[in-house]
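Breakdown of the fold
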Amino acid sequence: MSSPVIGVLALQGDVREHQIALAAADAVARPVRRPEELAEVDGLVIPGGESTTISKLAVLFGMMEPLRARVRDGLPVYGTCAGLIMLADKILDPRSGQETVGGIDMIVRRNAFGRQNESFEAAVDVKGVQGHPVEGVFIRAPWVESVGAAAEVLAEHEGHIVAVRQGNALATSFHPELTGDHRVHSLFVDMVRANLAPGS
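In this report, we go over the structure that sits alongside the text. Remember, predicted model here, so these are calculated numbers, not experimental data.

**Regarding the overall build of the protein**
- Looking only at helices and strands, one finds six helices and twelve strands in the protein.
- Taking 16 Å as the expected radius of gyration for a compact globule of 200 residues, we find that the protein reaches 15 Å, a close match to that expectation.
- In terms of principal-axis extent, the alpha carbons of the protein reach across some 40 × 40 × 35 Å.
- The 200 residues of the protein split such that 52% are buried.
- A total of about 8700 Å² of accessible surface is found on the protein, and carbon and sulfur atoms cover 48% of it.
- One finds the centroid of the 18 positive side-chain charges in the protein at a distance of 5 Å from the centroid of its 25 negative side-chain charges.

**Some points on the packing of aromatic side chains**
- For the coordinates displayed, the defined rule picks out six aromatic pairs.
- When the centroid spacing of 5.6 Å and the interplanar angle of 70 degrees are considered together, the rings of Phe113 and Phe120 count as edge-to-face.
- Using a relative accessible area of 14% as the deciding quantity, one classes Phe113 as buried.
- Judged by relative accessible area, which is 25%, Phe120 ranks as partly exposed.
- Between Phe113 and Phe138 the ring centres are 5.3 Å apart and the planes differ by 65 degrees, which places this aromatic pair in the edge-to-face class. Of this pair, Phe113 sits in the loop between β6 (104–109) and β7 (120–124) while Phe138 sits in strand β8 (residues 134–138), placing them 25 residues apart in sequence. For the pair formed by Phe113 and Phe138, the shared burial category is buried.

**Quick look at the pairing of β8**
- The buried fraction of β8 is high, at four of five residues.
- Where β7 and β8 come together, five bridges link them in antiparallel fashion. Bridge assignment links Glu121 to a residue of β8, and that residue is Val137.

**As for unusual backbone geometry**
- Despite not being glycine, Arg140 shows a phi value in the positive range, around 45 degrees.
- The residue Arg140 is located in the loop between β8 and β9 (143–147) in this model.
- Given a relative accessible area of 30%, Arg140 falls into the partly exposed group.
- Backbone geometry at Glu158 places phi at a positive 50 degrees, although glycine is not the residue there.
- By relative accessible area, Glu158 is classed as exposed at 66%.

**What to know about the layout of surface pockets**
- In this structure, the largest pocket occupies an estimated 190 Å³ of space.
- Lining of the largest pocket is provided by 14 residues; of these, Gly49, Glu50, Cys81, Ile139 and Arg140 occupy positions nearest its centre.

**Some words on the pairing of strand β11 (residues 160–166)**
- Burial analysis of β11 places five of its seven residues in the buried class, the great majority of the element.
- Across five bridges, strand β10 (residues 152–157) lies against β11 in antiparallel orientation. Across the sheet, the residue bridging to Glu156 is Ile161, located in β11.
- Linkage of β10 to β11, two consecutive antiparallel strands, is achieved through a turn of two residues, within which Glu158 is found at a positive phi near 50 degrees.
- In this structure, β11 lies alongside strand β12 (residues 169–172), joined through four bridges in antiparallel fashion. Paired with Arg165 across the bridge in β12 is Leu170.
- In textbook terms, the turn of a hairpin is the stretch between consecutive antiparallel strands, and for β11 and β12 this stretch comprises two residues, one of which, Gly167, has a positive phi near 60 degrees.

**With respect to the pattern of salt bridges**
- Evaluation of the coordinates by the stated rule reveals nine salt bridges.
- Across the pair Arg68 and Glu65 runs a salt bridge, and its minimum N-O distance is 2.6 Å. On the criterion of helical spacing, the pair formed by Arg68 and Glu65 is a turn pair, its members being three residues apart in helix α4 (residues 64–72).
- Exposure remark for Arg68: the relative accessible area of 18% places this residue in the buried category.
- Since its relative accessible area comes to 47%, Glu65 is described here as partly exposed.
- Across the pair Arg109 and Glu145 runs a salt bridge whose closest N-O atoms are separated by 2.7 Å. Residue Arg109 is found in strand β6, and its partner Glu145 is found in strand β9; the two are separated by 36 residues along the sequence.
- A single network of salt bridges, built from pairs that share partners, joins Arg34, Glu36 and Glu37.

Basis of the calculations
Residue numbers here run from 1 along each chain, matching the order of that chain's written sequence. Restriction of local features to residues with pLDDT of at least 70 applies here, the model being predicted, together with a cutoff of 80 or more for giving and counting side-chain atom pairs; totals for whole chains, interfaces and linings are based on all residues. Side-chain metrics in this entry use all non-hydrogen atoms of the structure; hydrogen atoms and water are not considered. Each helix is a run of DSSP H or I of at least 4 residues and each strand a run of E of at least 2, with the numbering of both proceeding from the N terminus. Radius of gyration here is computed from C-alpha atoms only, and the compact-globule reference equals 2.2 Å multiplied by the residue count raised to the power 0.38. Residue exposure (1.4 Å probe, protein chains only): buried if accessible area is under 20% of the type maximum, exposed if over 50%, otherwise partly exposed. Calculation of accessible area relied on Shrake-Rupley with a 1.4 Å probe; when residues are assessed, cover is drawn exclusively from the protein chains displayed. For the charge count, each Lys or Arg is scored as positive and each Asp or Glu as negative, with His and the chain ends excluded. The atom standing in for a charge is NZ when the residue is Lys, CZ when it is Arg, CG when it is Asp and CD when it is Glu. Centres within 6.5 Å are what make two rings of Phe, Tyr or Trp a pair, Trp counting through its six-membered ring; a difference in plane orientation under 30 degrees is then read as stacked, over 60 as edge-to-face, and the rest as tilted. Any two strands between which DSSP finds at least two bridges are classified as paired. Definitions used throughout: a 1 Å grid over protein atoms alone; a cavity as a set of points that fits a 1.4 Å probe which cannot get out; a pocket as an open set with protein on both sides within 12 Å along at least five of seven lines; a lining residue as one with an atom within 4 Å of a point. Grid points are joined across faces, edges and corners, and a volume is the space filled by probe spheres set on the points. A pair is scored as a salt bridge if a Lys or Arg side-chain nitrogen falls within 4 Å of a carboxyl oxygen belonging to Asp or Glu.

These results come straight from atomic positions and should not be treated as a statement about function.
Structural data, given as structure tokens:
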């Protein structure tokens, strides 16, 4: 099969790092800023950054409703850190005017692991990722307070949920794109390939 085309939402955040990780996982990566660019991709990554800023820029650029529509229609999507918040159906402590794309039946808490100066790295066992634990980089990271019946918990750290999957939507509290370990991106690329397969 040819390499799937996976967009990285390029409104704010660590776009380039995700593009490098996706390319290493045998996908064609491209930035997505406009609805017509979103329409051309087989999957989408929503990167880390500042979730309130991403939310407001998505509205400003006319992207919020197209994003919601494509995720509802089954577009494979992967959110890291702020991207996890964007994929949550509910935020426990939203900022004024903050919206989400939704797609995963989960409640999240922003900045739950602490401020920027409390960032840390930790080994995380992620269900579906073969081999040794993933080195998770947690930067002002959220955690998942709870999930609904349709969502599957893939990883926890110190009793808190930090990776979730629901159908074609994947989300992690941490940043695997910053470590040079591309196995989580490979997992997502495999999800995109499966969605493109005949009869999927």
